[in-house]
Amino acid sequence: MPGLSTMSDEREVWQMFRSRDEYAEPFRIKVVEMLRETTREERETLIKEAGYNAFSLPSDAVYIDLLSDSGTSAMSDRQWAGLMLGDEAYAGSRNYFNLKGSVKDIMGFDFVAPAHQGRGAEHVLMSALVKEGDRVLGNMHFDTTEGHILLRGAEPVNCLAEQGYKVGEETLFKGDFDLRRLEDEIQKDPRKVPFVLITVTCNNNGGQPVSMKNIREVSKIARKYGIPVFFDAARFAENCWFIKHLEPGYSGKTIPEIAREMFSYGDGCTMSAKKDALVNIGGLLAFRDEAMYRKALEWQIPFEGFATYGGLAGRDMEAMARGLREVIDEAYLEERIGQVRYLGDLLLRAGIPIVRPTGGHGVYIDAAAMLPHLPRKEFPAQALVVELYIEGGIRGVELGGCAFGRVDPETGEDIWPALELVRLAVPRRVYTDRHMAQVAKALSRVKGRASSVRGLRITYQAPVLRHFTAKFERV
Ligand SMILES: *Cc1c(COP(=O)(O)O)cnc(C)c1O
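Residues numbered from 1 in each chain as written. Predicted model: local features only at pLDDT ≥ 70, side-chain atom pairs only at ≥ 80, totals over all residues. Heavy atoms only, no water.

Undergrad: Please clarify how the overall build of the chain should be interpreted in this entry.
TA: Each helix and strand in the chain was counted, giving 17 helices and 16 strands. Relative to a compact globule of 475 residues, whose C-alpha radius of gyration would be 23 Å, the chain shows 22 Å and is just as compact. By its C-alpha atoms, the chain is 60 × 55 × 50 Å across when sized along the principal axes. The 475 residues of the chain split such that 57% are buried. Within the chain, residue pairs in contact and separated by at least 24 positions form 73% of the contacts whose partners lie at least 6 positions apart. Here the chain holds 62 positive side-chain charges and 67 negative ones, and the gap between their average locations is 1 Å. (Helix = DSSP H or I, 4+ residues; strand = E, 2+ residues; numbered from the N terminus. Rg over C-alpha atoms; globule rule 2.2 N^0.38 Å. Buried < 20%, exposed > 50% of the residue type's maximum accessible area, 1.4 Å probe, protein only. Contact = heavy atoms within 4.5 Å. Lys, Arg positive; Asp, Glu negative; His and termini not counted. Charge placed at Lys NZ, Arg CZ, Asp CG, Glu CD.)

This is the structure in structure tokens:
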């Protein structure tokens, strides 16, 4: 493989992915869930009743639901069978030991604490290791991670490399740290950095991967100062697949080999099992060091539950234990990431502006570019979510001025985030390529009438996390 530093080289690299028509889904379908199709008139009424906020729609009025890839996976027959093997003992459930075994085999960590979901694991980790005035350094912290750092009276610091913020630039590994920045931030006061957190893949800028080279360097820098390294491992398998296919030196390695190397650079992880453990609920914490694990248990037991269940039923842990082993399958990952990329390619072909390159779990549309006639204060991304629902019964999510903007309490002025995006998150093993084609068609039709799409104004908003419950009316 040639060097990866220039555009033309990158194009060649992308072409090394097998094209979508060279393979089919590596599974067949045993159970189906019928979808309800609504009429355009029904959808007009439903979205209006929902205050033009897709979070308030009943999900059975949604034809293709791309709101989130979290907890929306289709489990396998082996996972469903595992549910029947739930050992619901209060302590020492066999399913806990199976989960521990999966984590040890895949990540190499000896000590595991289950949690009810990712944020439960984050709560335990932050409570155990973060003090007031600390600074937690990461590539780009996910929202709930940032929330838990702030709740400890500490400061979340993002050290994402410049390229990670450039929407239209097709560079590889846009989840990488700026290593110089990381070391500068550590040097301000190493004693105030409880750990460095590497989020794989980097969710907040589009599911962009972190390279093994960068992970190795981050670990080397942190270790020089005696600082532990943790992973936010929600999408660890998707990250490993990108390393295998895009990073020189890894094409001959298996996904399990890549995962073991990746985790060898860290001291533990938090994980939302609702992503790459292919389950509908669950999470975990893992540690290499027993003393650190003991410290976490002091918070685990009062908040999540006893050490061997952590807020989960035994059957849920069994499904997680099995999902972790399924997600590192190469054929599964090719299909998964290939499908997301396929949707991205269909949109590009239709002239729809998206964040490039397409990440691991979703396609992000640049709504500001698609609806240039709408000013920020009319929420173009929210307007696009509404139109996509009306057009095709498809639900995406706004990640723009409503989710990340706020009103300055002193001046009363709006403060807008840099980007105005709509995310189409693709659930794992749930939809077919023909569903993806319908999504692309509906978006093309919205594009065709873009200039007549009306903006929105907020009629109700909560003081924090307003996008979940905001209500709008058409301007
Ligand atoms: C989803 C997610 C979390 C939080 O997990 P929940 O299971 O939703 O609580 C944390 N980090 C990342 C990167 C995530 O994607």
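There is more to say, and it comes next.
Undergrad: Got a minute to help me understand the confidence of the model for the chain in this structure?
TA: Parts of the model with low pLDDT should not have their predicted coordinates read in detail. Taken over all residues, the pLDDT of the chain has a mean of 94, while the share at 70 or more is 97%. A low-confidence stretch, residues 1–9 (pLDDT under 50), is modelled with 17 contacts involving residues beyond four sequence positions or located in other chains. (pLDDT = per-residue confidence, 0-100.)

Undergrad: For this particular structure, what's the right way to read the site of the ligand?
TA: With respect to spatial proximity, 14 residues lie near the ligand, and among them Gln-117, Arg-119, Asp-232, Ser-272 and Lys-275 are the closest. Here an oxygen atom of the ligand sits 2.9 Å away from a polar atom, N or O, in the main chain of Gly-118. Taking Ser-272, its side chain carries an N or O atom lying 2.7 Å from an oxygen atom of the ligand. Taking 380 Å² as the accessible area of the ligand by itself, protein coverage stands at 97%. Among the elements that line the shell around the ligand, the one with the most residues is helix H5 (residues 118–129), at three residues. (Near = heavy atom within 4 Å. Polar contact = N/O pair within 3.5 Å; in protein donor to acceptor, adjacent residues only side chain to side chain. Areas by Shrake-Rupley, 256 points an atom, 1.4 Å probe, with all protein chains shown as cover.)

Undergrad: Sorry, what's going on with a nonpolar patch on the surface here?
TA: Taken together, Phe-27, Ile-29, Val-32 and Met-34 make up a surface patch of nonpolar side chains, about 470 Å² in accessible area. Here Met-34 shows up in the loop between helix H1 (7–14) and helix H2 (40–49). The exposure class of Met-34 is exposed, given its relative accessible area of 73%. (Patch = residues over 30% accessible without salt bridge, like charges linked within 9 Å, V, L, I, M, F, W, Y side chains within 5 Å. Salt bridge = Lys/Arg side-chain N within 4 Å of Asp/Glu carboxyl O.)

Undergrad: Explain the environment of Gly-138 to me, please; I cannot follow it from the model alone.
TA: Position of Gly-138 among the secondary structure elements: in strand S3 (residues 135–138). Note on Gly-138: relative accessible area 0%, which makes it buried. Separated by 311 residues in sequence, Gly-138 and Arg-449 have C-alpha atoms that sit 41 Å apart. Contacts of Gly-138, omitting those with residues within four sequence positions, involve Val-157, Asn-158, Cys-159, Leu-160, Phe-177 and Leu-197.

Undergrad: Would you mind showing me how to read the nonpolar core here?
TA: In a soluble, globular protein the nonpolar side chains are often hidden away together inside. Ranked by size, the top nonpolar core spans 87 residues in total, and within it Met-107, Phe-236 and Met-262 carry the most contacts. Broken down by element, the residue count for this core peaks at seven residues, all from helix H9 (residues 236–246). For this core, the domains that each give at least three residues are domain 1 (10–65 + 329–474) and domain 2 (77–326). Ignoring any residue separated from it by four or fewer positions in sequence, one finds Phe-236 in contact with Ile-106, Met-107, Val-200, Met-262, Phe-263, Met-271, Asp-276, Leu-324, Val-327 and Ile-328. With 49 residues, the next largest nonpolar core counts Leu-66, Leu-346, Ile-365 and Leu-424 among its residues. (Core = buried A, V, L, I, M, F, W, Y, C linked by side-chain atoms within 4.5 Å. Domains from an automatic or database assignment.)

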